[in-house]
Amino acid sequence: MDKEGIRDLRNYVGGCFVEHDGSEWMDVLEPATGERFARLPLSGSNDVDAAVEAAREAQPGWAALGKDSRADWLDRIADSLEVSFEEVAELESRDTGKPISLARAVDANRSVANFRFFAGLIREQEKETFEMEDATNYVVNRPVGVGALITPWNLPLYLLSWKVAPAIGMGNTVVCKPSELTPMTADLLMRVIDGVGLPAGVVNLVHGDGMGAGSPLVAHPGIDLVSFTGGTATGEKVAESAAPAFKKLSLELGGKNSSIVFADCDMEKTIAGVVRSGFLNQGQVCLCGSRILVEDSVYDEFERAFVEAVEQMRIGDPADDSTDLGALISKDHLQKVQGYVDIAIEEGGRILTGGTPCLPSGFEEGNWMAPTVIADLPPESRCSTEEIFGPVVTLHRFQSEEEAVGIANGTRYGLAGSVWTSDMEKGKRVSESMESGMVWVNTWLHRDLRVPFGGVKDSGVGREGGRWSLGFFSEAMNVCLKHD
Ligand code: TXE
């Protein structure tokens, strides 16, 4: 820590916090204020080599421990992380610009829950057997080896813990590469892991940007699997680099998710649910419902009530408990989001609210954008089909169930969606017609950690969550015993 309270972060390799091999650093900025509060080492190939080597060395011993002991380690990490609950929430809120209430309820809470959940699931795992008349088959779930875990900036510790827990729980060792924009809680997790005394080399972390650290990590011959969450364009590069070596690959990429509102919905609950799904974390969640399709007969009523509810959200100081909306992650991202509003106007969109930057007093240097609702855009327009990943939603009318499904499926993405209706049969029918990894009926982001999580089309490859994570982070081997 220097005189101004700026922390220099370090990599975590082989159970030690180490300096990176180089002299380049990047400032970590608070999105709300634009102020620097830490420096991130821009690591390179040598740092990646050291981390992968440490992970490879630790892997056989860690795998030999057995699943129950590894589950105990996950519980120890959860207990220690829980002690730091408030620190996690504060760091996440400062680092991402999200409201502290959200950082507590979602980020801090889920990070602890992820470790506990996978500890329990791994302990409960039973050996599968398949009897034949003259033989018995059983399945051994062996570790894959060393995993590269690459995570984005929107839910930093939530997503990192979602990967680390099942990966090490199944006997792999890992090298983490968190987003360079939000490294603070990944650093905290390494301090927790160091504090509980997890065997050296089981979890390693290399800070840096995508080209300098992420790319050599994915390409490293000592990496056996890659679990990546981030943008679709980056996912393509990761897949290209991992494929020639047949690395096991899971890609959780972007989304452009529809919320389908039928005339028979409970309007009050629907408005609340659709506002939440459109704007949680300033719309920076891959599951956010950013295209809202409303049945024609209730469209005008919905539009009025929806805009009113959006305008009631409190935007401002992320550290204030009553704040609903914080800042966007970076100046570049703010520019990208504003660029989409310009495109919407060119495409004939009508801005019902927002559309402009808004600077809460005292936060003039931060990355702020008013929540924005756009109507009258054709469903196939760029703003209605491309991932904006900000506080911008588009409203569209539909006449029939078929038309709604057609619009919902008319994007390259297929991650999530929601359907709002009092008719459960219709809810199920419409959900099952959607080209999507997940659909919620009369709710959104109602997560059960046991269910599969992931997308179709350009939203990704593979599933994580519950037993799907255990499957991805292991290799199922069949042993067949012939009877006498
Ligand atoms: O993601 P990137 P960014 C979407 C959203 C956003 C866009 C870009 O649309 O605007 O992605 O966000 C690392 N090899 N999502 O720029 O670049 C990088 O350092 C290996 C959706 O943050 O994909 C970071 O750790 N790694 C998403 C991670 O990849 C590379 C959430 C993600 O960065 C790399 C966030 C490379 N060549 C953004 N290049 C979701 N689905 O939740 C970068 N990285």
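What counts and what doesn't
Residues numbered from 1 in each chain as written. Predicted model: local features only at pLDDT ≥ 70, side-chain atom pairs only at ≥ 80, totals over all residues. Heavy atoms only, no water. Buried < 20%, exposed > 50% of the residue type's maximum accessible area, 1.4 Å probe, protein only. Helix = DSSP H or I, 4+ residues; strand = E, 2+ residues; numbered from the N terminus. Contact = heavy atoms within 4.5 Å. Polar contact = N/O pair within 3.5 Å; in protein donor to acceptor, adjacent residues only side chain to side chain. Pairing = 2+ DSSP bridges. Axes fitted to C-alpha atoms, helices over the stretch in contact; angles between N-to-C directions. Near = heavy atom within 4 Å. 1 Å grid on protein atoms, 1.4 Å probe; cavity = no way out; pocket = protein on both sides within 12 Å on 5 of 7 lines; lining within 4 Å. Sits in = over half its atoms within 2 Å of the grid points. Nonpolar A, V, L, I, M, F, W, Y, C, P; charged D, E, K, R; others polar. Domains from an automatic or database assignment. Salt bridge = Lys/Arg side-chain N within 4 Å of Asp/Glu carboxyl O. Points joined across faces, edges and corners; volume = space filled by probe spheres on them. Phe/Tyr/Trp six-rings, centres within 6.5 Å; stacked < 30°, edge-to-face > 60°. Lys NZ or Arg CZ within 6 Å of the ring centre and 35° of its normal.

1. Details of helix H7 (residues 210–219)
- All of the buried residues along H7 are Ala-213, Gly-214, Pro-216, Leu-217 and Val-218.
- Buried residues in H7 make contact with helix H1 (45–64), strand S8 (146–150), strand S9 (173–177), strand S11 (225–229) and helix H8 (232–242).
- The backbone nitrogen of Gly-212 has a side-chain oxygen 2.7 Å away, supplied by the residue at the start of H7, namely Asp-209.

2. Section: the sheet that holds strand S13 (residues 257–261)
- The strand order S15-S16-S17-S14-S13-S19-S20 describes an open sheet built from 7 strands, whose pairing is mixed. Sheet topology places strand S15 (350–353) and strand S20 (438–441) at the edges, where each strand pairs with a single neighbour. Within this sheet the neighbouring strands show an average axis-to-axis angle of 25 degrees, counted without direction.
- Relative to strand S19 (residues 416–420), S13 runs parallel, the two sharing 4 bridges.

3. As for the site of the ligand
- Every one of the 27 residues lining the ligand counts as a neighbour, but Trp-153, Lys-177, Glu-180, Thr-234 and Glu-387 are closest to it.
- Within the side chain of Lys-177, an N or O atom sits 2.6 Å from an oxygen atom of the ligand.
- Between the ligand and Thr-234 there is a distance of 2.7 Å, counted from an oxygen atom to a side-chain nitrogen or oxygen.
- More than half of the atoms of the ligand fall within 2 Å of the grid points belonging to the largest pocket.
- Sorting the residues of the shell around the ligand by element identifies H7, S11, H8 and helix H11 (331–346) as the ones contributing at least two each.
- For the shell around the ligand, the class distribution of residues is 9 nonpolar, 12 polar and 6 charged.
- The residues that make up the shell around the ligand include at least three from each of domain 1 (7–253 + 459–480) and domain 2 (258–448).

4. Thoughts on the pattern of salt bridges
- All chains considered together, the criterion is met by 31 salt bridges.
- For the salt bridge of Asp-458 with Arg-412, the shortest nitrogen-to-oxygen distance reads 2.8 Å. With Asp-458 in the loop between strand S21 (456–457) and strand S22 (460–461) and Arg-412 in the loop between helix H13 (401–408) and strand S18 (413–414), this pair connects stretches of sequence that are 46 residues apart.
- In this structure, the salt-bridge partner of Glu-435 is Lys-457, at a minimum N-O distance of 2.6 Å. On the criterion of sequence distance, the pair formed by Glu-435 in the loop between helix H14 (424–433) and S20 and Lys-457 in strand S21 is long-range, its members being 22 residues apart.
- One salt-bridge network, in which partners are shared between bridges, spans Arg-7, Glu-87, Asp-187 and Arg-191.

5. A word on the sheet that holds strand S1 (residues 7–8)
- Spatially, 3 strands are ordered S1-S5-S4 in an open sheet, and the strand pairing comes out mixed. Every interior strand has two partners, whereas the edge strands, S1 and strand S4 (25–29), have only one.
- Across 2 bridges, S1 lies against strand S5 (residues 36–41) in parallel orientation. Bridge pairing in S5 places Arg-7 opposite Ala-38.

6. A closer look at the layout of surface pockets
- Its volume calculated, the largest pocket comes out at about 1100 Å³.
- Trp-153, Phe-228, Gly-230, Gly-231 and Thr-234 are, among the 36 residues lining the largest pocket, the residues nearest its centre.
- Those elements giving two or more residues to the lining of the largest pocket turn out to be H7, S11, H8 and H11.
- Broken down by element, the lining of the largest pocket gets its largest block of residues, 6 residues, from H8.
- Class assignment of the residues belonging to the lining of the largest pocket gives a composition of 14 nonpolar, 15 polar and 7 charged.

7. Here we look at the environment of Leu-65
- By the element assignment, Leu-65 lies in the loop between H1 and helix H2 (67–83).
- By relative accessible area, Leu-65 is classed as partly exposed at 37%.
- For Leu-65, the contacting residues outside a window of four places in its chain are Arg-70 and Trp-73.

8. What about the side chain of Glu-30?
- Inspection of the secondary structure puts Glu-30 in the loop between S4 and S5.
- Glu-30 has contacts with Glu-35, Phe-37 and Arg-94, leaving out every residue within four places of it along the chain.

9. A short note on the packing of aromatic side chains
- Within this structure, the stated rule accounts for 8 aromatic pairs.
- Seen from their ring centres, Tyr-12 and Phe-17 are 4.7 Å apart, and the 45 degrees between their planes marks the pair as tilted.
- Classification of Tyr-12 as buried rests on a relative accessible area of 3%.
- Pairing Phe-363 with Trp-368 gives two aromatic rings, centres 5.7 Å apart and planes at 65 degrees, and the pair type is edge-to-face.
- Judged by relative accessible area, Phe-363 falls into the buried class, the value being 14%.
- By way of ring pairs, the aromatic residues Phe-117, Phe-118 and Trp-162 are connected into one cluster.
- Sitting over the ring of Tyr-158, Arg-110 keeps its end group 4.1 Å from the ring centre.
- Here the basic side chain of Arg-110 rests over the ring of Trp-162, its NZ or CZ set 4.9 Å away from the ring centre.

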